[in-house]
Amino acid sequence: MTDEHDHDSKPELPKDLRVRFCPSPTGTPHVGMVRTALFNWAQARHSKGTFVFRIEDTDAQRDSEESYGQILDALRWLGLDWDEGVEVGGPDGPYRQSLRGDIYKKVAQQLVDAGYAYESYSTADEIKERNVAAGRPEAFGYDGYDRDLSEEERQAFRDQGRKPALRIRMPDEDIAFDDLIRGRIEFKAGSVPDYVIVRPNGDPLYTLTNPVDDAMMRINVVLRGEDLLSSTPRQIVLYRYLMELGVAQAMPLFGHMPYVMGQGKKKLSKRDPESNLFLHREHGFIREGLLNYLALLGWSIGPDRDVFSMDEMIERFDVRDVKANPAHFDIDKAIAINAEHIRMLDPQDFLNRSLPYLKRDGLVTAETWDDLTDREREVLTAAGPLVQPRVRLLGEVSGMMGSLLSDADYIEPDPDARKQLKESAAAVLELAEQTLREVPDQSWTTDHLHDLLTEALVEQGGYKPRLAFGPVRIAVSGRRVSPPLFESLEIIGKTATLQRLTNLRQHL
């Protein structure tokens with residue numbers, strides 16, 4: 001196989017573009033799967049084409065309804081809507097392969113009748129034995145033994161009770177195509193053996209079902225992962241046969257997206273924690289941030305620009321601009337981009353999206369704004385502008401807002417916060433408590449508290465600001481890093497502030 005990265009060799013996209021996303025429901029959605037869906041969706045929206053979503057669920061051993069539901073949940077959460085497919089219908093249904101068995105059986109028989117496919121009775125052990133006897137490596141692969149069996153020879157195998165697999169007859173010629181991402185790619189004659197499309201038990205394989213579905217759904221651009229590149233010459237040959245049979249109208253264009261690499265420059269595995277889409281959602285990624293980062297895994301909107309909206313991506317996306325080199329999943333960069341998108345949210349939208357995390361962590365009574373208590377809404381409205389610029393993930397909101405929502409009179413400091421407390425902490429806390437005790441309720445405001453404590457602790461007390469305000473911050477929040485101190489004191493209120501100052505001093 002050879003490839004050339006020559007942009008001029010990449011073909012034009014069709015005007016009536018039709019792309020598809022066709023995952024197998026075999027596990028939790030992962031970032032590689034979502035990146036594939038995103039690029040297909042973005043190309044469809046950019047080209048004003050059609051995005052088809054079907055499910056490849058012919059593997060009864062591994063497929064599950066739970067995984068199917070998770071894939072639907074993932075696309076809906078991310079806002080990757082589809083025009084035809086599962087749950088929405090369309091002219092080419094059903095859109096689950098498990099419901100299309102009769103279609104595959106009919107096409108397979110057409111391929112056999114036309115001589116494009118043939119019955120193969122060789123077992124895996126027999127293939128290995130023939131390879132060894134011929135001086136080839138045992139794992140060399142299928143040797144074409146059954147290609148030209150006579151009807152008598154085939155009947156003899158049937159009389160033994162053998163069931164045949166069906167194999168496609170590969171032509172003895174080079175197979176080349178122009179990849180939308182990689183340019184010209186060529187597979188030499190003989191490098192791809194005749195391959196199985198139907199198992200001996202009659203089950204159709206991906207090698208048959210995928211191209212047949214693409215043909216019948218009129219998919220004309222196939223965008224998929226680099227791991228499927230080696231199967232492309234098989235699909236091209238099968239497509240030629242399907243076109244001869246009238247099943248397919250035309251050969252689709254192919255584009256193979258780069259691998260997503262994880263830690264240690266290894267391909268990101270489904271089992272890697274950073275691959276798990278729902279784990280990222282659990283930690284507090286928002287859809288805008290995660291999609292923005294996944295778009296950067298092989299594509300960019302422009303030099304020195306990493307943050308953009310999906311509308312901007314749609315406007316600019318062309319799969320031919322995707323880089324062929326492997327893309328590295330950098331969780332720190334992903335979080336940084338997510339933080340940018342959190343800061344861009346409307347303030348009320350930020351609070352609404354934070355509520356499920358606050359409810360999960362036991363800090364509020366409901367996941368929806370209207371169902372909160374008046375006090376919870378009051379605190380969140382005041383705290384939102386303080387917290388929104390300071391969190392990178394929605395999962396961090398609880399840590400920042402917990403002390404503001406709590407009615408506890410003592411908050412045990414985090415270990416790293418307690419380490420920050422110096423010998424002067426007790427004296428600082430006592431002086432702060434004495435100063436604040438005299439403040440009238442109507443004067444308990446951010447600016448007044450700032451002026452009062454600055455004068456008492458820094459100007460008159462002689463403490464450096466870090467030593468003056470650090471113990472107060474830790475007393476009221478339990479954290480070394482919290483929302484702005486004086487705004488927090490106003491939200492918490494006088495009674496709870498004084499109790500927390502006193503109780504931390506007693507716990508030193």
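Above this text is the structure in question.
Since this is a predicted model, take the numbers as computed values, not measurements. (Residues numbered from 1 in each chain as written. Predicted model: local features only at pLDDT ≥ 70, side-chain atom pairs only at ≥ 80, totals over all residues. Heavy atoms only, no water.)

1. Looking at the layout of surface pockets
Put simply, the largest pocket is a space of about 1100 Å³. Around the largest pocket, the lining comprises 41 residues; the ones closest to its centre are Pro23, Ser24, Asp227, Leu228 and Lys270. Every element with two or more residues in the lining of the largest pocket is listed here: β2 (18-21), α1 (31-47), α6 (206-216) and β10 (221-225). Looking at the lining of the largest pocket element by element, the count peaks at four residues for α1. Grouping the constituent residues of the lining of the largest pocket by class yields 15 nonpolar, 13 polar and 13 charged. In this model, the second largest pocket occupies a volume close to 450 Å³. Surrounding the second largest pocket, 19 residues form its lining, Lys105, Val198, Gly202, Asp203 and Pro204 being those nearest its centre. (1 Å grid on protein atoms, 1.4 Å probe; cavity = no way out; pocket = protein on both sides within 12 Å on 5 of 7 lines; lining within 4 Å. Points joined across faces, edges and corners; volume = space filled by probe spheres on them. Helix = DSSP H or I, 4+ residues; strand = E, 2+ residues; numbered from the N terminus. Nonpolar A, V, L, I, M, F, W, Y, C, P; charged D, E, K, R; others polar.)

2. A look at unusual backbone geometry
Of all residues except glycine, most have a negative phi; of all peptide bonds, most are trans. The peptide bond linking glycine 93 to proline 94 adopts the cis configuration, its omega dihedral lying at 0°. As for its position among the elements, proline 94 is in the loop between β4 (84-85) and α3 (101-113). The phi dihedral of lysine 48 is positive, around 55°, even though this residue is not glycine. Assessed through its relative accessible area of 74%, lysine 48 is described here as exposed. In this structure, arginine 218 takes a positive phi of about 60° despite not being glycine. Checked against the element boundaries, arginine 218 lands in the loop between α6 and β10. (Buried < 20%, exposed > 50% of the residue type's maximum accessible area, 1.4 Å probe, protein only.)

3. Some details on helix α13 (residues 374-387)
With 14 residues, α13 should reach 20 Å at 1.5 Å per residue; the first-to-last C-alpha distance of 20 Å fits that figure. For α13, the complete set of buried residues consists of Glu376, Val379, Leu380, Ala383, Gly384, Leu386 and Val387. Those residues of α13 hidden inside the fold are in contact with α12 (347-360), α14 (397-405) and α19 (485-492). (Expected span 1.5 Å × (residues − 1). Contact = heavy atoms within 4.5 Å.)

4. Concerning the packing of aromatic side chains
Within the structure shown, the criterion is met by 10 aromatic pairs. Measuring from ring centre to ring centre gives 4.8 Å for phenylalanine 53 and tryptophan 82, while their planes differ by 80°; the resulting arrangement is edge-to-face. With phenylalanine 53 in strand β3 (residues 50-53) and tryptophan 82 in the loop between α2 (65-78) and β4, this residue pair connects regions lying 29 residues apart in the sequence. An identical accessibility class is assigned to phenylalanine 53 and tryptophan 82; each is buried. Among the aromatic side chains, those forming a connected cluster through ring pairs are Phe39, Trp299, Phe308 and Phe317. The aromatic ring of tyrosine 142 is capped on one face by arginine 167, whose charged end is 3.6 Å from the ring centroid. (Phe/Tyr/Trp six-rings, centres within 6.5 Å; stacked < 30°, edge-to-face > 60°. Lys NZ or Arg CZ within 6 Å of the ring centre and 35° of its normal.)

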